[in-house]
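Summary of structural features
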Amino acid sequence: MNERKLARELKELVGQKITVKGWLHKKRLLGGLNFLTLRDRSGLIQMLVEDKDEMEKLRGLQIGTVLSVSGVVVADERAPGGAELHNVVLTVETPVTDEPPIEIDKPISHKSEHLDTLFDNRVLNIRNVQEGKIFRIRAAMTQYLREYLIENEFVEIDTPKFLGAATEGGAEVFTLDYFGKEATLAQSPQFYKQIMVGAFERVFEINHAYRAEPSATTRHMTELTMLDVEMGFVSGHEEVREFVGGLAASVLRRTYSDFADELKSLQAPELRLAERVPEFTVAEIHEMYSSSAAAKKAGVDTRDEKDLTPDEERFICEYARKELGSDLVYATDFPIEAAKFYHKVDAEKGVTKWADLLYRGLELATVPLRENNYEKMIEQMKKAGLDVDAEGYKYYLQAFKYGLPMHGGCGFGVDRFVKQTVGLANIKEAVLFPRDINRLTP
């Protein structure tokens, strides 16, 4: 009798006397009857309290009070889970006397003007059942990413976040004092994952990255969670694109299957996936967008741009969803002037072997093929104005000098993946405790 039962088990225990434990989630008086709702990790439990002495135990106590409750399970389709507790006896484990600043049993507003309130009260609003669904889905999606990669013989690695120099150069890095030396926080594990291809062939990491971008947008943060993947002995760029696209599609199918009810209650978009992720070159997207009625009306022409604009990302995703039945779409063949020094380029075509995987209007992953030839890498670094003798490149170049196969991979935004799947308006809504240019707490 003293063995604790969970909310999800109630319907199978009708007629039995059980004990449940959790937080007081709601109190209400209905037709002279007292109803309490208890919340545990698996859901909500409704309780009918007829004994006035039992209700007296809650006098002056607020939502969040930790309770142990014994009672008899009675079937009732109107109750959460189809059953509730009667003849209850309450034990107050941890009393809460302060009235909480928000009502966690009510819908939590995600309107843009309410986001500061949402994040300021994150410690409490995450106890809201609907809000919690977002992060249960996020946890599962991260798990599914990891499982897919492990099943495909990738080794999980964990690389340093304190670096002696910025991975990719540039000013958008956080610097800090490291025992008298200047260090930077890692923008990505780019160098390390390429180095590890020389040992394990296939590696991945799910970890935080740090970008000192002074951006206050719905798609940027200063601390983000990235999946980084690198795979060696690939036949070419197409193999890398196929793998990353297959990874994303597999995780989405599994998520929409396992969390169908949760996604529906969160009003997530319906999932549409094609057998293969459709592809368009950047030049094709520029042409399609610039020829569209909306672009002509706005007087916009992007044909000379080296990257896609946010409007173009949305445009090609809407086209792929409507015309090709796919929420995922690739933008390929970025112009050679957009290449990073570690990208493999096709000088004859004037493009770099880099693609962006787009998902419902937002860039989800960068998916390039890397340059693996040592002499060519040195040449490209010098061309980019980098000092190949700098200490920060010494060990990176060592891996190339002593043999790396053709390899490629991706930097895949986990926060963005969750945001677009659930249908959230701002990437920060997909993060428990987001960090941006204005927020360092809670």
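As the structure is a prediction and not an experimental result, all values here were calculated from the model. (Residues numbered from 1 in each chain as written. Predicted model: local features only at pLDDT ≥ 70, side-chain atom pairs only at ≥ 80, totals over all residues. Heavy atoms only, no water.)

Before going further, it helps to spend a moment on the overall build of the chain. When helices and strands are counted, the chain shows 13 helices and 20 strands. Seen through its C-alpha atoms, the chain measures out along the principal axes to roughly 85 × 60 × 40 Å. Nonlocal contacts in the chain, meaning residues at least 24 apart in sequence, comprise 65% of its contacts between residues at least 6 apart. Each charge sign in the chain was given a centre, from 58 positive and 72 negative side chains, and these centres are 4 Å apart. (Helix = DSSP H or I, 4+ residues; strand = E, 2+ residues; numbered from the N terminus. Contact = heavy atoms within 4.5 Å. Lys, Arg positive; Asp, Glu negative; His and termini not counted. Charge placed at Lys NZ, Arg CZ, Asp CG, Glu CD.)

Another aspect to go through is the packing of helix 4 (residues 129-151) against helix 6 (residues 237-258). The interhelical angle for the contact between helix 4 and helix 6, taken along N-to-C directions, is 135 degrees, at an axis separation of 9 Å. It follows from the interaxial angle that helix 4 and helix 6 lie oblique. For the pair helix 4 and helix 6, the sense of crossing is right-handed. Seen from helix 4, the contacting residues are Ile137, Met141, Gln143, Tyr144, Leu145, Glu147, Tyr148 and Leu149; seen from helix 6, they are Phe243, Gly246, Leu247, Ser250, Val251, Leu252, Arg254, Thr255 and Asp258. (Axes fitted to C-alpha atoms, helices over the stretch in contact; angles between N-to-C directions. Parallel < 35°, antiparallel > 145°, perpendicular 65-115°, else oblique. Left-handed = near helix turned anticlockwise from the far one by under 90°.)

What follows deals with the pairing of strand 18 (residues 354-359). Summarising burial for strand 18: six of the six residues are buried, a large majority. The two faces of strand 18 match: Trp354, Asp356 and Leu358 on one face and Ala355, Leu357 and Tyr359 on the other face are all buried. Across four bridges, strand 14 (residues 328-332) lies against strand 18 in antiparallel orientation. If you follow valine 329 over to strand 18, its bridge partner there is leucine 358. In this structure, strand 18 lies alongside strand 19 (residues 362-368), joined through six bridges in antiparallel fashion. (Buried < 20%, exposed > 50% of the residue type's maximum accessible area, 1.4 Å probe, protein only. Pairing = 2+ DSSP bridges.)

Looking now at the environment of arginine 4. Residue placement: arginine 4 occurs in strand 1 (residues 4-5). Separated by 183 residues in the primary sequence, arginine 4 and glutamine 187 have C-alpha atoms spaced 45 Å apart. Those residues in contact with arginine 4, other than ones at most four positions away along the chain, are Thr19, Lys21, Asp40 and Arg41. Only 2.9 Å separates the side chain of arginine 4 from the backbone oxygen of lysine 21, close enough to count as a polar contact. (Polar contact = N/O pair within 3.5 Å; in protein donor to acceptor, adjacent residues only side chain to side chain.)

Moving on: helix 8 (residues 282-290). For helix 8, the complete set of buried residues consists of Val282, Ile285, His286, Tyr289 and Ser290. The buried residues of helix 8 occupy an angular sector of 120 degrees when the element is viewed end-on, so they sit on one face. Elements that come into contact with the buried residues of helix 8 comprise strand 13 (279-281), helix 9 (293-298), helix 10 (310-324), strand 14 and strand 15 (334-335). (Arc of directions from axis to C-beta.)

Together, Val123, Leu432 and Phe433 make up an exposed nonpolar region whose accessible area comes to about 250 Å². If you trace the backbone, phenylalanine 433 turns up in the segment after helix 13 (414-422). (Patch = residues over 30% accessible without salt bridge, like charges linked within 9 Å, V, L, I, M, F, W, Y side chains within 5 Å. Areas by Shrake-Rupley, 256 points an atom, 1.4 Å probe, with all protein chains shown as cover. Salt bridge = Lys/Arg side-chain N within 4 Å of Asp/Glu carboxyl O.)

Turning next to the domain arrangement of the chain. What the domain assignment reports for the chain is domain 1 (4-94) and domain 2 (129-430). Relative placement of domain 1 and domain 2: their C-alpha centres are 47 Å apart. (Domains from an automatic or database assignment.)

Across the sheet, three strands lie side by side as 8-10-9; this open sheet has antiparallel pairing. Two strands lie at the open edges of the sheet, namely strand 8 (162-163) and strand 9 (175-178), each paired on one side alone. Here strand 9 runs beside strand 10 (residues 181-185); their pairing, made up of four bridges, is antiparallel. Of the residues in strand 10, the one forming a bridge with tyrosine 178 is lysine 181.

Before going further, it helps to examine the pattern of salt bridges. Scanning all chains against the criterion turns up 29 salt bridges. Across the pair arginine 59 and glutamate 56 runs a salt bridge whose closest N-O atoms are separated by 2.5 Å. With a shortest N-O distance of 3.9 Å, aspartate 258 and arginine 254 are connected by a salt bridge. Note that aspartate 258 and arginine 254 are positioned in helix 6 at a spacing of four residues, about one turn of the helix. Each of Lys193, Asp228, Glu230 and Arg370 takes part in one network of salt bridges that share partners.

With that out of the way, let us pick up helix 4. The end-to-end C-alpha separation of helix 4 is 32 Å, in line with the 33 Å expected for 23 residues at 1.5 Å each. By the N-cap criterion, in which a side-chain oxygen at the helix start approaches the backbone nitrogen of a residue two or three places on, helix 4 is capped by asparagine 128, the distance to glutamine 130 being 2.9 Å. Just downstream of helix 4 lies glutamate 153, where phi reads positive at about 70 degrees. (Expected span 1.5 Å × (residues − 1).)

The next thing to look at is unusual backbone geometry. Residue proline 442 follows threonine 441 across a cis peptide bond; omega there is -5 degrees. Structurally, proline 442 is set in the segment after helix 13. Phi angles above zero are rare outside glycine, and glutamate 153 is one such case at about 70 degrees. Its place among the elements puts glutamate 153 in the loop between helix 4 and strand 7 (155-156). For phenylalanine 179, which is not glycine, the phi torsion reads 55 degrees and is therefore positive.

A few words on the environment of isoleucine 195. By secondary structure assignment, the location of isoleucine 195 is in helix 5 (residues 190-200). Note: C-alpha distance between isoleucine 195 and aspartate 389 (194 residues apart in sequence) is 17 Å. When near neighbours in sequence (up to four residues on either side) are disregarded, isoleucine 195 contacts Tyr395, Tyr396, Ala399 and Leu404.

Let's shift gears to the packing of helix 5 against helix 12 (residues 391-401). Angle between the axes and distance between the axes are the two parameters that describe a pair of packed helices. One way to put it is that helix 5 packs onto helix 12 with a least axis distance of 8 Å and a crossing angle of 25 degrees. As judged from the angle between their axes, helix 5 and helix 12 are roughly parallel. Pair helix 5 / helix 12 crosses with left-handed handedness. Contact with helix 5, carried on its side by Phe191, Gln194 and Ile195, involves Gly392, Tyr393, Tyr395, Tyr396, Ala399 and Phe400 of helix 12 and no other residues of that element.

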